[in-house]
Amino acid sequence: MFPVELRGSQAQTLMWAHEHEIDQGALQQLRTLSQLEWVYGVRVMPDVHLGKGATVGSVIAMKDAVAPAAVGVDIGCGMEAVKTSLTASDLPDDLRSLRSRIEAAVPVGFAAHKDPVKVTPLQVRVHGQRAAGTTLRAGWSRFWSRFADLDPAVAPRESKAHKQMGTLGGGNHFIEVCLDTEQNVWILLHSGSRNIGKELADRHISVARSLPQNQDLPDRDLAVFLSGTPEMDAYRRDLSWAQEYAARNRAVMLDLVCAAVHDEFDTLPVHFDSPISCHHNYVAEETIDGMPMLVTRKGAVRAAAGDLALIPGSMGTRSYVVRGKGNPASFRSASHGAGRRMSRNAAKRQYSVSDLIAQTDGVESRKDAGVIDEIPAAYKDIDSVIAAQQDLIEVVAQLRQVLCVKG
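Residues numbered from 1 in each chain as written. Predicted model: local features only at pLDDT ≥ 70, side-chain atom pairs only at ≥ 80, totals over all residues. Heavy atoms only, no water.

Per an unreviewed UniProt entry, the protein chain goes by the name 3'-phosphate/5'-hydroxy nucleic acid ligase and belongs to Nocardia vermiculata. What the UniProt record of the protein chain gives under Catalytic activity (unreviewed entry) is the line "a 3'-end 3'-phospho-ribonucleotide-RNA + a 5'-end dephospho-ribonucleoside-RNA + GTP = a ribonucleotidyl-ribonucleotide-RNA + GMP + diphosphate". (UniProt positions renumbered as here; feature names shortened; annotations may be inferred.)

Colleague: Help me understand the overall build of the protein chain in this model?
Modeller: Secondary structure assignment for the protein chain yields 10 helices and 17 strands. Relative to its length of 407 residues, the protein chain is compact, with a C-alpha radius of gyration of 21 Å against a globular reference of 22 Å. Along the three orthogonal principal directions, the C-alpha set of the protein chain runs to about 65 × 50 × 40 Å. Excluding contacts between residues fewer than 6 apart, the proportion of contacts in the protein chain whose partners are at least 24 apart in sequence is 75%. (Helix = DSSP H or I, 4+ residues; strand = E, 2+ residues; numbered from the N terminus. Rg over C-alpha atoms; globule rule 2.2 N^0.38 Å. Contact = heavy atoms within 4.5 Å.)

Colleague: Where do I start with the confidence of the model for the protein chain in this structure?
Modeller: In low-pLDDT segments, the atomic positions of the prediction should not be examined closely. Residues with a pLDDT of 70 or more make up 96% of the protein chain, whose mean pLDDT is 94. Low confidence marks residues 124-134, where pLDDT is under 50. Its contacts with residues over four positions away, or in another chain, come to 33 contacts. (pLDDT = per-residue confidence, 0-100.)

Colleague: Looking at this structure, I do not really get the UniProt feature "binding site: Mn(2+) 2" (unreviewed entry) in the protein chain. What am I missing?
Modeller: With numbering matched to this structure, UniProt assigns "binding site: Mn(2+) 2" (unreviewed entry) to His 190 and His 280. Across 91 residues, the annotated set stays spatially compact, with a maximum C-alpha separation of 10.2 Å. Turning to its location among the elements, His 190 is positioned in strand E8 (residues 184-191). Under the relative-accessibility criterion, His 190 is labelled buried at 4%. Relative to the helices and strands, His 280 resides in the loop between strand E10 (276-279) and strand E11 (281-288). With a relative accessible area of 1%, His 280 lands in the buried category. (Buried < 20%, exposed > 50% of the residue type's maximum accessible area, 1.4 Å probe, protein only.)

Colleague: Can you help me understand the sheet that holds strand E3 (residues 39-49) in this one?
Modeller: Backbone hydrogen bonds are what pair the strands of a sheet, in a parallel or an antiparallel way. Here we have 6 strands laid out as an open sheet, ordered E1-E2-E3-E4-E12-E11, and mixed in their pairing. Edge positions in the sheet fall to strand E1 (4-5) and E11, since each of these pairs with one other strand and no more. Bridge count between E3 and strand E4 (residues 56-62): 6 bridges; the pairing is antiparallel. What sits directly across from Val 42, in E4, is Ile 60. Here helix H1 (residues 24-34) sits on the sheet and contacts strand E2 (12-15), E3 and E4; the angle it forms with E3, its principal contact strand, is near 165°. (Pairing = 2+ DSSP bridges. Axes fitted to C-alpha atoms, helices over the stretch in contact; angles between N-to-C directions.)

Colleague: Would you take a moment to explain the packing of helix H2 (residues 96-105) against helix H7 (residues 230-264) for this structure?
Modeller: Packed helices, taken two at a time, are described by their axes: the angle between them and the distance between them. Orientation of H2 relative to H7, taken along the N-to-C sense of each, is 140°, at an axis distance of 9 Å. Taken together, the axes of H2 and H7 are oblique relative to one another. When you trace H2 past H7, the crossing you get is right-handed. Between H2 and H7, the residues in contact are Ser 97, Leu 98, Arg 101, Ile 102 and Ala 105 and Leu 256, Val 257, Ala 260, Val 261, Asp 263 and Glu 264, respectively. Split into classes, the residues belonging to the contact of H2 with H7 amount to 7 nonpolar, 1 polar and 3 charged. (Parallel < 35°, antiparallel > 145°, perpendicular 65-115°, else oblique. Left-handed = near helix turned anticlockwise from the far one by under 90°. Nonpolar A, V, L, I, M, F, W, Y, C, P; charged D, E, K, R; others polar.)

Colleague: Got a minute to help me understand helix H6 (residues 194-209) in this structure?
Modeller: Residues spaced three or four apart along an α-helix face the same direction, because each turn holds 3.6 residues. The end-to-end C-alpha separation of H6 is 23 Å, in line with the 22 Å expected for 16 residues at 1.5 Å each. Listing the buried residues of H6 in full gives Arg 194, Asn 195, Ile 196, Gly 197, Leu 200, Ala 201, His 204, Ile 205, Val 207 and Ala 208. On the buried face of H6, the contacting elements are helix H5 (158-164), E8, strand E9 (225-226) and H7. (Expected span 1.5 Å × (residues − 1).)

Colleague: Where do I start with empty space enclosed by the protein in this structure?
Modeller: One way to see where empty space is left: roll a probe the size of a water molecule over the atoms. Evaluated as defined, the whole model comprises 1 cavity of 30 Å³ or more. Each pocket or cavity is described by its volume, and for the largest cavity that value is around 30 Å³. Looking at the largest cavity, the residues that line it are Leu 86, Leu 91, Leu 98, Val 177, Val 185, Ile 187, Val 261 and Phe 265. (1 Å grid on protein atoms, 1.4 Å probe; cavity = no way out; pocket = protein on both sides within 12 Å on 5 of 7 lines; lining within 4 Å. Points joined across faces, edges and corners; volume = space filled by probe spheres on them.)

Colleague: When you look at the packing of aromatic side chains in this model, what are you seeing that I'm missing?
Modeller: The geometry of an aromatic ring pair is captured by two quantities: the separation of the ring centres and the angle between the planes. Counted under the stated rule, the structure contains 9 aromatic pairs. A centroid spacing of 5.2 Å and a plane angle of 70° characterise the contact between Phe 143 and Trp 144, whose relative ring orientation is edge-to-face. Look at Trp 144 and you get buried, because its relative accessible area is 8%. Taking 6.0 Å as the distance between ring centres and 85° as the angle between the ring planes, the aromatic pair formed by Trp 144 and Tyr 245 counts as edge-to-face. With a gap of 101 residues between them, Trp 144 in helix H4 (residues 140-145) and Tyr 245 in helix H7 connect regions that are remote in the sequence. We classify Tyr 245 as buried; its relative accessible area is 0%. Following the ring pairs from residue to residue traces out a cluster consisting of Trp 140, Phe 143, Trp 144, Phe 147, Trp 241 and Tyr 245. (Phe/Tyr/Trp six-rings, centres within 6.5 Å; stacked < 30°, edge-to-face > 60°.)

Colleague: Help me out: how do you make sense of the pattern of salt bridges in this one?
Modeller: Counted by the stated rule, this structure contains 23 salt bridges. In this structure, Arg 340 engages Glu 374 in a salt bridge whose closest nitrogen and oxygen atoms are separated by 3.2 Å. One end of the pair, Arg 340, is in the loop between strand E16 (333-335) and helix H8 (344-350); the other, Glu 374, is in the loop between helix H9 (353-359) and helix H10 (382-387), with 34 residues separating them in the sequence. Neither Arg 340 nor Glu 374 differs from the other in exposure class; each is buried. A single salt-bridge network, built from bridges that share partners, covers Arg 340, Arg 344, Asp 373, Glu 374 and Lys 406. (Salt bridge = Lys/Arg side-chain N within 4 Å of Asp/Glu carboxyl O.)

Colleague: How should I be thinking about the sheet that holds strand E14 (residues 308-311) in this particular structure?
Modeller: Strand order in the open sheet made by the 7 strands is E10-E6-E8-E7-E17-E15-E14, with antiparallel pairing throughout. Here the strands that pair on one side only, and so sit at the sheet edges, are E10 and E14. When the angles between neighbouring strand axes are averaged without regard to direction, this sheet yields 30°. Of the strand pairs in this sheet, strand E7 (residues 174-180) and strand E17 (residues 393-406) are connected by 7 bridges, and their pairing is antiparallel. Among the inter-strand pairings, Glu 176 is bridged to a residue of E17, identified as Cys 404.

Colleague: Would you explain the side chain of Arg 99 in this entry?
Modeller: Residue placement: Arg 99 occurs in helix H2. Since its relative accessible area comes to 15%, Arg 99 is described here as buried. Setting aside chain neighbours within four positions, we find Arg 99 in contact with Glu 364, Ser 365, Arg 366, Leu 403, Cys 404 and Val 405.

Encoded structure:
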């Protein structure tokens, strides 16, 4: 059944969705993308939808070039999850106290920590375990020392970047407490590189648009950097740092949430498994069809054989833990979520708070006008998205949220 080839594309564009299921704007965006001379191939995931510059749900292999818009402005955005020793029977009927504790621990929206999070004490609070692995403290000082090497335009943002480390942000970012089908409790979260990642991305996209090779593009948002140029070197340097910032941001948040869960259930011995972590907006050097390529995933995860990844639905539907099958046809990739089926403004026009309350029944969460654009009906059916990529992934666990924190 899948993949199908996009009609009218220049570089080979294979899709895990049918053309009639994709809005015309996204299809045209994909065709335009496939016309870039540096593009070797494009792969389209079943959660595909229109994005700024490059399509969300796209995987692009380029030879000696990269388009910053094909990564997006939330560099390194991705997922983190951990299975706990708690079960459904340990949870109270009313989860408002736990949600309040998590929201007190992790700033949301535009908020930041009053002071930078101290990493070492976190590792002691959670029974001496690092719920987010062993890499959080490792290289911490070295990581921050690299800030001085970033684009000078972001130099005044260092203090803010420190204080936003371990914060959620807004939009589709979330922290959830979930149950799997065996009634085990999981913590699942989604966030990225916060404001510093956006500022770096905006800066480099602006530089790319001014370069000679991008003056005659059909869409200036698809401006590229070329290998061997100082502009490419500068972008790759800042991109690498922002991707690491995003990963560390999720690790800090996971520790904060694990500590909140531990404190909420202080009469129980709470333990945490090794975490699962994945980017879904990033660049990687990979071998495609025997050739070295720069691969961008914007709203897609790496699904090489054995890779664990996380594919969330919406704030009222299931999420999935999956294992990659390493299918070379998809450039060893899979979807990053359900994908939007309507824009945020369209969702606000079509749905009301009462619709939101009905669609998030049974989930302890915000139920106000500020999150109507995140209503489950604004997203594609996650089960159909998972079913469309059976040749790319296998399901390891199915999660149902019982608590959701939104910015």
